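# Structure assessment
Residues per chain are reported as follows:
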Amino acid sequence: NPTRNPLVWKAPCYLITDGQSSGWRQMNAIHDLLEDNAGDIRAHVILVGRPEDKNLAVSRLRLDSALTPVNALVRVDVAVRNWGRAEARDVKVSIAVDDDPPMDQVNIDAIPAGDEKSVALFAKLKSEGYHSITAKIDADHMPADDSRTVAAHAVKNVRVLLVDGDTGAEPRDSEIYFLRHALRPVPPVEWDDYHIQLVAKSPTELESVRFDDFNAVITANVTD
């Protein structure tokens, strides 16, 4: 009870911390407050845990393609950053879809301190709809940044309507000739099974076309 002898009583303050810099951003202000109230507060700083100078994190996870077709290999870009003070060696990076076991895995030989390295991995989505794609590294003392997840929408096919404004005298003269090959960069024998399905029409044929049947419509040099 401080009222009994206020001259000798000091309020004890025990601060238990792991010493992470994120919790001590106002260190100067904390020090000044303790100094200003040293006569009334007896402060004890108790450090728990142990110093850590190693930490790896999955810093980026990105799909390299805007489309994720069913049963096709999708390239995924994964970056790992070394936040530690020493070089990290033999870093294993894996990728998995939903709750399935890892589908692909690579090893990064070395990541210098403070540096970031990226690798390409491949995933396959086996059914239509939304899926999660997760990249992981081996767990360390900060597990929250040892994995990263993105959502992907798998589609069976994408229907695109090409409106040809000028068919030309020869097939190569058509306004959609090069576009057709760019959107479907596979041999003609694979066109029927490719995930981008193309339908070509002239402007005069559009009255009988249902635009709701297509995911995208591209008009090429259509004047009216």
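Look up: the structure comes first, before these words.
Attention here is on the structure that accompanies the text.

Criteria and thresholds
Residues numbered from 1 in each chain as written. Predicted model: local features only at pLDDT ≥ 70, side-chain atom pairs only at ≥ 80, totals over all residues. Heavy atoms only, no water. Helix = DSSP H or I, 4+ residues; strand = E, 2+ residues; numbered from the N terminus. Rg over C-alpha atoms; globule rule 2.2 N^0.38 Å. Buried < 20%, exposed > 50% of the residue type's maximum accessible area, 1.4 Å probe, protein only. Contact = heavy atoms within 4.5 Å. Phe/Tyr/Trp six-rings, centres within 6.5 Å; stacked < 30°, edge-to-face > 60°. Lys NZ or Arg CZ within 6 Å of the ring centre and 35° of its normal. Lys, Arg positive; Asp, Glu negative; His and termini not counted. Salt bridge = Lys/Arg side-chain N within 4 Å of Asp/Glu carboxyl O. Patch = residues over 30% accessible without salt bridge, like charges linked within 9 Å, V, L, I, M, F, W, Y side chains within 5 Å. Areas by Shrake-Rupley, 256 points an atom, 1.4 Å probe, with all protein chains shown as cover. Polar contact = N/O pair within 3.5 Å; in protein donor to acceptor, adjacent residues only side chain to side chain. Core = buried A, V, L, I, M, F, W, Y, C linked by side-chain atoms within 4.5 Å. Pairing = 2+ DSSP bridges. Axes fitted to C-alpha atoms, helices over the stretch in contact; angles between N-to-C directions.

So, on to the overall build of the protein. Scanning the protein from N- to C-terminus turns up 2 helices and 13 strands. For a compact globule of 224 residues, the expected C-alpha radius of gyration is about 17 Å, and the protein comes in at 30 Å, more than 25% above that figure. Summarising its shape, the C-alpha atoms of the protein cover approximately 105 × 40 × 30 Å along the three principal directions. Across the 224 residues in the protein, those meeting the buried criterion constitute 26%. Taking all contacts inside the protein whose residues are at least 6 apart in sequence as the whole, residues at least 24 apart take part in 63%.

Before going further, it helps to examine the packing of aromatic side chains. Tallying each qualifying case throughout the model produces 1 aromatic pair. With 5.1 Å between their ring centres and 90° between their planes, Tyr-177 and Phe-178 make a pair best called edge-to-face. Across from the ring centre of Trp-191, 3.8 Å away, lies the NZ or CZ of Arg-184, which sits over that ring.

The next subject is the side chain of Arg-184. Its location among the elements puts Arg-184 in the loop between helix 2 (177-183) and strand 12 (196-201). Despite its burial, Arg-184 remains without a salt bridge, the nearest opposite charge being carried by Asp-192 at 6.2 Å. Beyond its immediate chain neighbours, meaning those up to four positions away, Arg-184 contacts Trp-191, Tyr-194, Ile-196 and Leu-198.

The next point concerns a nonpolar patch on the surface. A surface patch of nonpolar side chains, about 390 Å² in accessible area, is lined by Tyr-14, Ile-16, Ile-46 and Val-48. Within the secondary structure layout, Ile-46 lies in strand 2 (residues 41-47).

Now for the pattern of salt bridges. Applying the stated criterion across every chain yields a total of 8 salt bridges. A salt bridge links Arg-60 to Asp-77, with the shortest nitrogen-to-oxygen separation between them at 2.9 Å. In this pair, Arg-60 sits in strand 3 (residues 56-63) while Asp-77 sits in strand 5 (residues 73-82), placing the two residues 17 residues apart along the sequence. In this structure, Glu-116 and Arg-60 form a salt bridge, with 3.4 Å as the shortest nitrogen-oxygen distance. Of this pair, Glu-116 sits in strand 8 (residues 116-124) while Arg-60 sits in strand 3, and the two are 56 residues apart along the sequence.

Attention shifts here to the side chain of Asp-164. Secondary-structure assignment places Asp-164 in strand 11 (residues 158-164). Buried charged residue Asp-164 carries no salt bridge. Nearest counter-charge: Arg-180, at 5.8 Å. A polar contact is formed between the side chain of Asp-164 and the backbone nitrogen of Asp-166, at a distance of 3.0 Å. The residues contacting Asp-164, other than those within four sequence positions of it, are Ser-174, Glu-175, Ile-176, Lys-201, Ser-202, Pro-203 and Ala-220.

Residues Val-78, Val-80, Val-91, Val-93, Ile-108, Ile-133 and Ile-137 are the most contacted members of the largest nonpolar core, which totals 22 residues. Where this core is concerned, the elements lending two or more residues are strand 3, strand 5, strand 6 (88-97), strand 7 (104-111), strand 8, strand 9 (129-137) and strand 10 (147-155). Residue contributions to this core peak at 5 residues, all from strand 6. Each residue touching Ile-108, except ones within four places of it in the same chain, is listed here: Val-80, Arg-89, Asp-90, Val-91, Val-93, Lys-117 and Val-119. By size, the runner-up hydrophobic cluster in this structure holds 10 residues, among which are Val-155, Val-158, Tyr-194 and Leu-198.

Strands sit in the order 3-5-8 across an open sheet of 3 strands; the sheet is antiparallel. Across the chains shown, the open sheet's two edge strands, defined by having one partner strand only, are strand 3 and strand 8. With strand direction ignored, the average angle separating the axes of adjacent strands in the sheet is 25°. Here strand 5 pairs with strand 8 via 9 bridges, running antiparallel. In the strand pairing of strand 8, Val-76 is matched with Leu-121.

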